[in-house]
Amino acid sequence: WRPDFLFTISLLLLIPDGSASDDVVILDSENFDRLTKESVWFVNFYAPWCAHCKRAMPIWEETARKLKGSSIRVGKIDADAETELGEKYEIQGFPTFKIIDGTHTVDYKGGYTVEGFVKFAQEYKPRAGRSPRFSMGRLGDVITIKAIREAAESFASESLGLYTGAVWTTGFFAGTLFGILFALRERAKLD
């Protein structure tokens, strides 16, 4: 084995395979409360031993890939291991799919198809006063400084992969202008 060949092989192993499963966030008792406060989620409550769950998982992963970048985040919960979350959301069978918007939930009752899941998620309207990715502070049409900061940080971290504080180091005015433009774009998407 030549060293350059081994180097090439090791680089290929580092390249992500592009599988949709990376787009499905694993939710558990450690991260659930924090993440569901931040966004609206479409969640698959499953059990690893369930044959229906196993058949639905590739469809769920494709759904997550199609919804990537939308206002709805896609996750899964092993309700067999996370019994408290399963009980909290009254899971009676597997798989069970729900929109979770803070304390509000909506059950998905359609078939296990990418088209059905995507349509359900896209038609869901977040509760009044709540934006899926960040709070717009719904005080009429007023955009608050907090909303501007959150919008800029969200864009910087999710779209640019920057440390969220980096936007503000460029200066308050540049960050504010950037945030206003992004917040307006997001508001237009919601209306």
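Computed from a predicted structure; not experimentally measured.

> In this structure, what is going on with the overall build of the protein? I would like to understand it.
Broken down by element type, the protein carries 8 helices and 5 strands. Counting from the amino terminus, helix and strand elements in the protein follow one another as α-β-α-β-α-β-α-β-β-α-α-α-α. In the protein, the share of contacts with a sequence separation of at least 24, taken over all contacts with a separation of at least 6, comes to 70%.

> Even after reading the chapter, I still don't get the sheet that holds strand E1 (residues 25-26), so can you show me in this structure?
Consider a sheet: its strands pair through backbone hydrogen bonds, and that pairing is either parallel or antiparallel. Here we have 5 strands laid out as an open sheet, ordered E1-E3-E2-E4-E5, and mixed in their pairing. Pairing within the sheet leaves two strands with one partner each, and these edge strands are E1 and strand E5 (104-107). Looking at chain direction, E1 and strand E3 (residues 72-78) are connected through 2 bridges and run parallel. Looking across to E3, one finds that Ile26 is bridged to Lys76.

> Help me out: how do you make sense of the nonpolar core in this one?
Here is a general trend for soluble globular proteins: nonpolar side chains tend to be buried in one another's company. Residues Phe42, Trp60, Ile72, Val74, Phe97, Ile99 and Phe117 are the most contacted members of the largest nonpolar core, which totals 22 residues. Mapped by element, the contributors of at least two residues to this core are strand E2 (40-46), helix H3 (51-67), E3, strand E4 (96-101) and helix H5 (114-123). It is H3 that contributes the most residues to this core, 6 residues altogether. One finds Phe32, Leu35, Val43 and Ile91 within the second-largest nonpolar core, a separate group that totals 12 residues.

> Just checking my understanding: could you explain the pairing of E2 for this structure?
On a regular strand, each side chain points to the face opposite its neighbour's, so the side chains alternate between the two faces of the sheet. Counting buried positions over the 7 residues of E2 gives 7, a clear majority of the element. Burial of E2 is two-sided: the residues Val40, Phe42, Asn44 and Tyr46 facing one way and the residues Trp41, Val43 and Phe45 facing the other way are all buried. Two elements, E2 and E3, share 7 bridges in a ladder whose sense is parallel. Bridge pairing in E3 places Val40 opposite Ile72. Read as a crossover between parallel neighbours, the route from E2 over H3 to E3 is right-handed. With 5 bridges joining them, E2 and E4 adopt antiparallel strand pairing. Bridge pairing links Phe45 to Thr96 in E4.

> Would you take a moment to explain the pattern of salt bridges for this structure?
Side chains bearing opposite charge may pair, as long as their charged atoms lie close to each other. In total, this model carries 6 salt bridges according to the counting rule given. When the shortest N-O distance is used, the salt bridge between Lys68 and Asp23 registers 2.9 Å. With Lys68 in the loop between H3 and E3 and Asp23 in the loop between helix H1 (3-14) and E1, this residue pair connects regions lying 45 residues apart in the sequence. Overall, Lys68 belongs to the exposed group, its relative accessible area being 60%. Among the residues examined, Asp23 registers a relative accessible area of 17% and is labelled buried.

> Would you explain H3 in this entry?
Spacing of three or four residues puts side chains on the same side of an α-helix, whose turn is 3.6 residues. An ideal rise of 1.5 Å per residue puts 24 Å on 17 residues; H3 measures up with 25 Å between its terminal C-alpha atoms. At Met57, H3 shows its largest bend, some 35°, and a proline, Pro58, comes one to four positions later. For H3, the complete set of buried residues consists of Cys53, Ala56, Met57, Trp60, Glu61, Thr63, Ala64 and Leu67. Those residues of H3 that are buried are in contact with E2, E3, E4 and H5. Looking at the residues trailing H3, positive phi occurs at Gly69, about 90°.

The rules behind the values
- Residues numbered from 1 in each chain as written.
- Predicted model: local features only at pLDDT ≥ 70, side-chain atom pairs only at ≥ 80, totals over all residues.
- Heavy atoms only, no water.
- Helix = DSSP H or I, 4+ residues; strand = E, 2+ residues; numbered from the N terminus.
- Contact = heavy atoms within 4.5 Å.
- Pairing = 2+ DSSP bridges.
- Core = buried A, V, L, I, M, F, W, Y, C linked by side-chain atoms within 4.5 Å.
- Buried < 20%, exposed > 50% of the residue type's maximum accessible area, 1.4 Å probe, protein only.
- Right-handed = clockwise from strand over helix to strand, strands pointing away.
- Salt bridge = Lys/Arg side-chain N within 4 Å of Asp/Glu carboxyl O.
- Expected span 1.5 Å × (residues − 1).
- Bend = angle between axes of the 7 residues up to and from the residue.

Function cannot be read off these values alone, since they describe shape.
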